[in-house]
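A look at the structure
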Amino acid sequence: MIHLTWAHLVILAVAGYVAAFIDSTVGGGGLISLPALLFVGLPPSVALGTNKFAGTMSAITSFTSYLLSGKVRLKLVGPLFPLGVLASALGAYIVHQLPSSFLRPFVLVMLLIVAGYTLWKKDLGLIESVRPLTPRTFVLTALLAIGLGFYDGFFGPGTGSFLVMGFLLLGFDFLAASGNARTLNLASNAGALVTFIAVGAVQYEAGLVLGLSMVLGALTGSRFAIRKGARYVRPIFIGVTCLVIAQQVAQLFHIG
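What you see is a predicted model, and the numbers here were worked out from it, not measured in a lab.

So, about the overall build of the protein chain. Regarding its fold elements, the protein chain presents 11 helices and 0 strands. Its helices and strands in sequence order give the protein chain the pattern α-α-α-α-α-α-α-α-α-α-α, from N to C terminus. Among the 256 residues that make up the protein chain, the fraction classed as buried is 53%. Considering only contacts in the protein chain between residues 6 or more positions apart, those separated by 24 or more positions represent 85%. On the protein chain, roughly 11600 Å² of surface is accessible, and the fraction owed to carbon and sulfur atoms is 73%.

Before going further, it helps to spend a moment on the side chain of glutamine 203. Mapped onto the fold, glutamine 203 is located in the loop between α9 (174–198) and α10 (204–228). A distance of 3.0 Å separates the side chain of glutamine 203 from the backbone nitrogen of glutamate 205, its partner in a polar contact.

Let us look at the packing of helix α1 (residues 6–26) against helix α11 (residues 230–252). Their axes nearest at 9 Å, the elements α1 and α11 cross at an angle of 110 degrees. With respect to α11, the axis of α1 lies roughly perpendicular. The chirality of how α1 crosses α11 is left-handed. Residues Phe21, Ile22, Thr25 and Val26 of α1 lie in contact with α11, whose contacting residues are Tyr232, Val233, Ile236, Phe237 and Val240. When the residues that make up the contact of α1 with α11 are grouped by side-chain class, the tally is 8 nonpolar, 1 polar and no charged.

For the coordinates displayed, the defined rule picks out 1 cavity of 30 Å³ or more. Taken as a whole, the largest cavity encloses approximately 40 Å³ of empty space. Those elements that provide at least two residues to the lining of the largest cavity are α1, α8 (159–169) and α9. At 4 residues, α9 tops the list of elements feeding residues into the lining of the largest cavity. Within the lining of the largest cavity, the residues separate by chemical class into 4 nonpolar, 5 polar and 1 charged.

A cluster of nonpolar residues, Val10, Val14, Tyr17, Val18 and Leu216, forms a patch on the protein surface that exposes about 430 Å² of accessible area. Tallying contributions element by element places α1 first for the nonpolar patch, with 4 residues. Mapped onto the secondary structure, valine 14 falls in helix α1.

Right, let's talk about the pattern of salt bridges for a bit. As enumerated under the stated definition, the model contains 2 salt bridges in all. Arginine 182 serves as the salt-bridge partner of aspartate 23, at 2.8 Å between the closest nitrogen and oxygen. Here arginine 182 lies in helix α9 and aspartate 23 lies in helix α1, a separation of 159 residues in the sequence. Residue aspartate 152 is joined to lysine 52 by a salt bridge in which the shortest nitrogen-to-oxygen separation is 2.9 Å. Here lysine 52 lies in helix α3 (residues 44–68) and aspartate 152 lies in helix α7 (residues 135–154), a separation of 100 residues in the sequence. Residue classification places aspartate 152 among the buried residues on the basis of a relative accessible area of 6%. On the basis of relative accessible area, lysine 52 is assigned to the buried category, the value being 11%.

Quick notes on the rules
Residues numbered from 1 in each chain as written. Predicted model: local features only at pLDDT ≥ 70, side-chain atom pairs only at ≥ 80, totals over all residues. Heavy atoms only, no water. Helix = DSSP H or I, 4+ residues; strand = E, 2+ residues; numbered from the N terminus. Buried < 20%, exposed > 50% of the residue type's maximum accessible area, 1.4 Å probe, protein only. Contact = heavy atoms within 4.5 Å. Areas by Shrake-Rupley, 256 points an atom, 1.4 Å probe, with all protein chains shown as cover. Polar contact = N/O pair within 3.5 Å; in protein donor to acceptor, adjacent residues only side chain to side chain. Axes fitted to C-alpha atoms, helices over the stretch in contact; angles between N-to-C directions. Parallel < 35°, antiparallel > 145°, perpendicular 65-115°, else oblique. Left-handed = near helix turned anticlockwise from the far one by under 90°. Nonpolar A, V, L, I, M, F, W, Y, C, P; charged D, E, K, R; others polar. 1 Å grid on protein atoms, 1.4 Å probe; cavity = no way out; pocket = protein on both sides within 12 Å on 5 of 7 lines; lining within 4 Å. Points joined across faces, edges and corners; volume = space filled by probe spheres on them. Patch = residues over 30% accessible without salt bridge, like charges linked within 9 Å, V, L, I, M, F, W, Y side chains within 5 Å. Salt bridge = Lys/Arg side-chain N within 4 Å of Asp/Glu carboxyl O.

Here you go:
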């Protein structure tokens with residue numbers, strides 16, 4: 001049993017708020033929350049499960065904010081929510097059977113493509129160009145929900161960036177892409193969380209402290225993004241994607 005001091009709880013609270021503020025706009029909050037859980041002494045497997053516990057609380061908050069502001073295409077992502085839950089639960093189960101580190105080089109290449117394409121396409125996500133929903137849009141979004149749901153449960157880094165990019169390529173602006181992405185990210189968090197709870201990999205004291213601070217951060221971040229609009233979200237998306245790239249490079253070459 002890990003004994004958490006008051007200093008540990010303060011660290012988790014501050015990290016949770018900052019992580020959720022970022023995560024509620026473009027994803028990537030795990031860059032802050034997961035290292036904080038490891039810093040206070042949680043084993044990696046328990047840190048992953050506890051992070052999903054807190055992340056689910058945050059995802060519910062940001063999803064609700066985007067939904068109430070009309071930034072979620074519920075007719076598109078709503079029916080696909082169960083697919084994201086099931087795919088993520090499967091990914092979280094398999095990660096306990098197989099090493100996930102072999103994915104890191106592939107993920108790094110994909111993140112570089114995402115960042116490069118966003119920088120190259122100056123108008124990407126600034127104007128929404130989504131037509132009425134078609135079977136093609138629904139099928140592509142279903143593949144996004146299944147593929148990235150599984151990936152989030154199995155490995156995780158860059159899920160937010162990949163989800164946002166997927167919706168940008170479907171024609172949504174950054175704000176709507178973030179709202180839709182948070183919906184599917186809620187599904188993947190919930191699915192993985194069920195598996196982590198089942199295998200006893202959640203430390204609830206740390207999870208509640210982190211989660212409550214993430215609720216406040218998600219509420220602040222999502223409202224700020226909605227008020228500022230797509231031009232605010234775009235540079236944060238690029239910045240967070242670059243940070244995830246740097247993290248993956250460091251872990252690939254065992255820097256630090």
